[in-house]
Amino acid sequence: MRKQIAAGNWKMNLSLEEGQTLCHALKSADRPQNVLTILGVPCPYLKSMHDICIDDSICIAAQNVHHEKNGAYTGETSVSMVKSLGIDYVIIGHSERREYQKESNEMLKTKVDLALEASLTPIFCCGESLDVRKSGAQNDFVSQQLKESLFHLEGADFSKLIIAYEPIWAIGTGETASPQQAQDMHHALRTFIAAQYGQDIANGISILYGGSVKPGNAKEIFGQADVDGGLVGGASLKADDFTQIIHSF
Ligand code: 13P
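Residues numbered from 1 in each chain as written. Predicted model: local features only at pLDDT ≥ 70, side-chain atom pairs only at ≥ 80, totals over all residues. Heavy atoms only, no water.

**Student:** Help me out: how do you make sense of the packing of aromatic side chains in this one?
**Tutor:** Aromatic ring pairs are reported here in terms of the distance separating the ring centres and the angle at which the planes meet. By the definition in use, this model includes six aromatic pairs. Geometrically, the ring pair formed by phenylalanine 222 and phenylalanine 249 is stacked, given 4.6 Å between the ring centres and 25° between the ring planes. Taken together, the positions of phenylalanine 222 in helix 11 (residues 215–222) and phenylalanine 249 in the segment after helix 12 (239–246) put the pair 27 residues apart, joining distant regions of the chain. Site record: aromatic cluster; members linked through ring pairs are Phe151, Phe158, Phe192 and Tyr197. (Phe/Tyr/Trp six-rings, centres within 6.5 Å; stacked < 30°, edge-to-face > 60°. Helix = DSSP H or I, 4+ residues; strand = E, 2+ residues; numbered from the N terminus.)

Pasting the structure below:
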């Protein structure tokens, strides 16, 4: 049975106090035991949010780590720094970082390696642009992202990953992939993973959908056979909305 996961990605939003209030609200909300809740919070808030959530089965994720272990990289955060705060997850390869920070598949491969070496679980993001989708090449494009950043891993390490499929055209646009589009891509990814690592490993990997997930559409998307939850941006900033999403499995 794959893990069902509701992951939030706050991106560069909320004050410290607003974040704390949100964590307290999620903590006190009734949450199903079988759903793993993860919050991707801004780096300066990692420790504070972790301290609030630690006893309540809400895990905290960093939104990025640097691709070098340490050194003269002013303003950057290393895997060991994140790990030293007690954090267990990190989002790697979000499309906003691929676009604005020009993160390549090759660089993301290094980040994945460093994260695993530090026992941080990567939530690895992939997804195609609207142009790629319109050309019909989305399966090849997303498979290539996985191949170039992840397929060097041994099966035992690959099994530790969480994958998030986030079509760029559906992020923050209000436009969601249809449940069938999400299912088709998730199924294609699982098939692609099975060809590399075998069916057992492919069946065990949680693949999340991200892109305008809301309380009103989460149930139908999460109800698809190969969709194991969501990576949620805007709707994770509101306790009520995110709680409803956590209840949508
Ligand atoms: P939205 O849910 O705001 O579309 O963002 C999705 C996302 O990028 C999560 O990482």
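**Student:** In this structure, what is going on with the environment of serine 95? I would like to understand it.
**Tutor:** Within the secondary structure, serine 95 sits in helix 4 (residues 95–100). For the pair formed by serine 95 and proline 215, sequence separation is 120 residues and the distance between their alpha carbons is 23 Å. Dropping the residues within four chain positions of it, serine 95 is found in contact with Ile168 and Ile171. (Contact = heavy atoms within 4.5 Å.)

**Student:** Would you take a moment to explain the nonpolar core for this structure?
**Tutor:** Generally speaking, a soluble globular protein has its nonpolar side chains buried in company with each other. Leu39, Leu146, Leu150, Phe158, Ile163 and Tyr209 are the most contacted members of the largest nonpolar core, which totals 64 residues. Looking at this core element by element, the count peaks at six residues for helix 9 (residues 179–197). Each residue touching isoleucine 163, except ones within four places of it in the same chain, is listed here: Phe124, Cys126, Leu146, Leu150, Phe158, Ile193, Ile205, Ser206, Ile207 and Leu208. Counting residues in each nonpolar core, the second largest holds 13 residues, with Ile5, Ala7, Tyr89 and Cys125 among its members. (Core = buried A, V, L, I, M, F, W, Y, C linked by side-chain atoms within 4.5 Å. Buried < 20%, exposed > 50% of the residue type's maximum accessible area, 1.4 Å probe, protein only.)

**Student:** How should I be thinking about the pairing of strand 5 (residues 121–126) in this particular structure?
**Tutor:** Regular strands show a simple pattern: their side chains alternate between the two faces of the sheet. With six of its six residues buried, strand 5 lies for the most part within the structure. Across the two faces of strand 5 the burial is the same, with Thr121, Ile123 and Cys125 and Pro122, Phe124 and Cys126 all buried. Direction of pairing for strand 4 (residues 89–92) relative to strand 5: parallel, over a ladder of four bridges. Looking at the pairing, valine 90 lines up with proline 122 of strand 5. Two elements, strand 5 and strand 6 (residues 162–165), share four bridges in a ladder whose sense is parallel. When the sheet's bridge partners are listed, cysteine 125 is paired in strand 6 with alanine 164. (Pairing = 2+ DSSP bridges.)

**Student:** Looking at this structure, I do not really get helix 7 (residues 138–150). What am I missing?
**Tutor:** Side chains three or four residues apart in an α-helix point the same way, a direct result of the helix having 3.6 residues per turn. If you check helix 7, its first and last C-alpha atoms are 18 Å apart, about what 13 residues at 1.5 Å a residue would give, namely 18 Å. Taken together, the buried positions of helix 7 are occupied by Gln138, Val142, Ser143, Gln145, Leu146, Ser149 and Leu150. With its buried residues spanning 150° around the axis, helix 7 presents them on a single face. (Expected span 1.5 Å × (residues − 1). Arc of directions from axis to C-beta.)

**Student:** Help me out: how do you make sense of the site of the ligand in this one?
**Tutor:** Inspection of the region around the ligand gives 13 residues, with Lys11, His94, Glu166, Gly172 and Ser212 positioned closest. Note that an oxygen atom of the ligand is positioned 2.8 Å from one of the side-chain N or O atoms of lysine 11. Here an oxygen atom of the ligand and a backbone polar atom of serine 212 are 2.8 Å apart. Counted by class, the shell around the ligand contains four nonpolar, seven polar and two charged residues. (Near = heavy atom within 4 Å. Polar contact = N/O pair within 3.5 Å; in protein donor to acceptor, adjacent residues only side chain to side chain. Nonpolar A, V, L, I, M, F, W, Y, C, P; charged D, E, K, R; others polar.)

**Student:** Just to check I follow, could you spell out the pairing of strand 7 (residues 207–210) for this structure?
**Tutor:** Of the two faces of strand 7, the one holding Ile207 and Tyr209 and the one holding Leu208 and Gly210 are both buried throughout. As paired strands, strand 6 and strand 7 are joined by three bridges and run parallel to one another. Bridging from a neighbouring strand, alanine 164 pairs with leucine 208 of strand 7. Here strand 7 pairs with strand 8 (residues 229–232) via two bridges, running parallel. If you follow glycine 210 over to strand 8, its bridge partner there is leucine 231. Viewed along the sheet, the connection from strand 7 through helix 11 into strand 8 turns out right-handed. (Right-handed = clockwise from strand over helix to strand, strands pointing away.)

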